[in-house]
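# Coordinate inspection notes
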Amino acid sequence: MQNIPVLFDIHTHSVASGHGSSDTITDMARAASDASLQILGISEHGPKTPGSAGSSYFRNLRLASRKRFGITVLYGAELNILNENGDVDLEDSLLCTLDYALIGMHHPLFSSGSASSNTDALIRSMKHPRVNFLAHPDDGRYPLDYERLLHEAAKRQVYPEINNASLTPDAYRTDGPQNIRHILSVCKAIRLPVLLSSDSHGKSHIGDMKHIFPLLHECDFPQSLILNTNPSLLLHILKKDND
Ligand SMILES: [Zn+2]
Ligand SMILES: [Zn+2]
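To keep things clear, this report deals only with the structure shown in the data block. Keep in mind the model is a prediction, meaning the values are calculated, not measured. (Residues numbered from 1 in each chain as written. Chains lettered and ligands numbered in written order. Predicted model: local features only at pLDDT ≥ 70, side-chain atom pairs only at ≥ 80, totals over all residues. Heavy atoms only, no water.)

Our focus in this paragraph is the coordination of the zinc ion (ligand 1). In the first shell of the zinc ion (ligand 1), the protein supplies Glu78 (OE), His106 (NE2) and His136 (NE2), at 2.0 to 2.1 Å from the metal. Coordination of the zinc ion (ligand 1) draws on donor residues from a single chain, spaced E-x27-H-x29-H in sequence. (Donors = N, O, S within 2.8 Å, 3.2 Å for Na, K, Ca; no water.)

Judged by nonpolar contacts, the single largest core of 76 residues is most densely connected at Phe58, Ile103, Phe133 and Leu196. If one sorts the elements of this core by residue count, strand 5 (residues 71-80) sits on top with six residues. Those residues in contact with phenylalanine 58 that lie beyond four places of it in its chain are Glu44, His45, Gly46, Pro47, Ala53, Gly76, Ala77, Leu90, Leu94, Thr97 and Leu98. (Core = buried A, V, L, I, M, F, W, Y, C linked by side-chain atoms within 4.5 Å. Buried < 20%, exposed > 50% of the residue type's maximum accessible area, 1.4 Å probe, protein only. Helix = DSSP H or I, 4+ residues; strand = E, 2+ residues; numbered from the N terminus. Contact = heavy atoms within 4.5 Å.)

The tally for this structure, following the rule as stated, stands at one cavity of 30 Å³ or more. Estimated volume of the largest cavity: approximately 60 Å³. Every residue along the wall of the largest cavity is listed here: Gly104, Met105, Leu122, Ala135, His136, Pro137, Asp138, Asp139, Tyr142 and Leu144. Class assignment for the residues of the lining of the largest cavity results in six nonpolar, two polar and two charged. (1 Å grid on protein atoms, 1.4 Å probe; cavity = no way out; pocket = protein on both sides within 12 Å on 5 of 7 lines; lining within 4 Å. Points joined across faces, edges and corners; volume = space filled by probe spheres on them. Nonpolar A, V, L, I, M, F, W, Y, C, P; charged D, E, K, R; others polar.)

Let us now look at the coordination of the zinc ion (ligand 2). Here the zinc ion (ligand 2) is held by His11 (NE2), His13 (NE2), Glu78 (OE) and Asp199 (OD), and the distances to it run 2.1 to 2.2 Å. Coordination geometry of the zinc ion (ligand 2): the four donor atoms subtend angles of 81 to 168 degrees at the metal centre, consistent with an arrangement described as irregular. Sequence spacing among the residues donating to the zinc ion (ligand 2) works out to H-x1-H-x64-E-x120-D. Here the zinc ion (ligand 2) and the zinc ion (ligand 1) are spaced 3.7 Å apart, and both take glutamate 78 as a donor. Assigned by exposure class, histidine 11 and histidine 13 land together as buried. (Tetrahedral: all angles 85-135°; square planar, octahedral: opposite > 155°, others 65-115°.)

By secondary structure assignment, the location of glutamate 44 is in strand 3 (residues 39-45). For glutamate 44, which is buried and forms no salt bridge, the nearest opposite charge comes from arginine 68, at a distance of 10 Å. Within the structure, glutamate 44 has its side chain in polar contact with the side chain of serine 17 (distance 2.5 Å). In this structure glutamate 44 touches Thr12, His13, Ser14, Ala16, Ser17, Tyr57, Phe58, Gly76, Ala77 and Glu78, once residues within four positions along its chain are discounted. (Lys, Arg positive; Asp, Glu negative; His and termini not counted. Salt bridge = Lys/Arg side-chain N within 4 Å of Asp/Glu carboxyl O. Polar contact = N/O pair within 3.5 Å; in protein donor to acceptor, adjacent residues only side chain to side chain.)

A pair of packed helices is characterised by two quantities: the angle between their axes and the separation of those axes. Interaxial distance between helix 4 (residues 115-125) and helix 5 (residues 146-155) falls to 10 Å at its minimum, and their mutual angle equals 10 degrees. With respect to their mutual orientation, helix 4 and helix 5 come out roughly parallel. Between helix 4 and helix 5, the residues in contact are Ser116, Thr119, Asp120, Leu122 and Ile123 and Arg148, Leu149 and Glu152, respectively. For the contact of helix 4 with helix 5, the class distribution of residues is three nonpolar, two polar and three charged. (Axes fitted to C-alpha atoms, helices over the stretch in contact; angles between N-to-C directions. Parallel < 35°, antiparallel > 145°, perpendicular 65-115°, else oblique.)

The subject of this paragraph is the side chain of asparagine 179. If you trace the backbone, asparagine 179 turns up in helix 6 (residues 176-190). According to the relative accessible area criterion, asparagine 179 is buried, its value standing at 13%. Within the structure, the side chain of asparagine 179 is placed 2.8 Å from the backbone oxygen of aspartate 138, a separation counted as a polar contact. Setting aside anything within four residues of it in sequence, one finds asparagine 179 in contact with Asp138, Asp139, Gly140, Tyr146 and Thr174.

Tallied over the entire structure, the rule returns 11 salt bridges. Linking aspartate 139 and arginine 141 is a salt bridge whose minimum nitrogen-to-oxygen distance equals 2.7 Å. On the basis of relative accessibility, which here comes to 3%, the residue aspartate 139 falls in the buried class. Arginine 141 gets classed as partly exposed once you look at its relative accessible area, which sits at 34%.

The next thing to look at is the pairing of strand 3. Within strand 3, seven of the seven residues are buried, leaving the element largely enclosed by the surrounding structure. The pairing of strand 1 (residues 8-9) with strand 3 spans two bridges and is classified as parallel. The partner of aspartate 9 across the bridge, within strand 3, is leucine 40. Strand direction decides the pairing type here: strand 3 and strand 5, joined by seven bridges, are parallel. Note on strand 5: the bridge partner recorded for isoleucine 39 is threonine 72. (Pairing = 2+ DSSP bridges.)

With that settled, the discussion passes to the environment of alanine 101. Note that alanine 101 resides in strand 6 (residues 100-104). The exposure class assigned to alanine 101 is buried, which follows from its relative accessible area of 0%. For the pair alanine 101 and leucine 215, spaced 114 residues apart in the sequence, the C-alpha separation amounts to 25 Å. For alanine 101, the residues in contact, after removing those within four places along its chain, are Ala77, Leu79, Leu95, Arg130, Val131, Asn132 and Phe133.

Rendered as structure tokens:
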């Protein structure tokens, strides 16, 4: 399991997300190519995140280069869930122009409620176009009903992320390891594939999943359910709402 081939990383942030990294998309693509990835996805935070990209950034992504340094570059977003209705911070007409979106709960834009109401909000947010992935659903500050959430995700062809940054010693999210074990056990039982992500802010952690591998091994998680081993399956999934 330690040698699992990670061929893409699509939860990454460049300078456009703020947060102190000065690396551009070009810097990120060069680093992804050096790391032997086949696909890099840039997923800046939605416009409600302080200091992140505005609507005009996302609107202009359709003009951005999709081949850089020999790899494919996809352009998405990591959107904020804003309320229990599952509203997100980019309008649907603009979302349709992106390659994909992850949706997540972030402080202070989403006020955590009970596991039941948080789960309702996340399920409702799946209705938006291009929502393909659940960003770090491991955060103990936002408790979730994993059985209900992941069964609904499977019905809607939405996939949970296993986030390497949630497992680092200095992670600011809480309860990452135990919640990721729970997510992996449900996904294994219902055969729902997962997305491994670095959540790299800047180029330095692109493709770095090293904190995830021990948990995959511990849970005896099937490699066939790891999307990152199969770029053509990823591209097929991202086409689902184009068909
Ligand atoms: Zn996030
Ligand atoms: Zn992120």
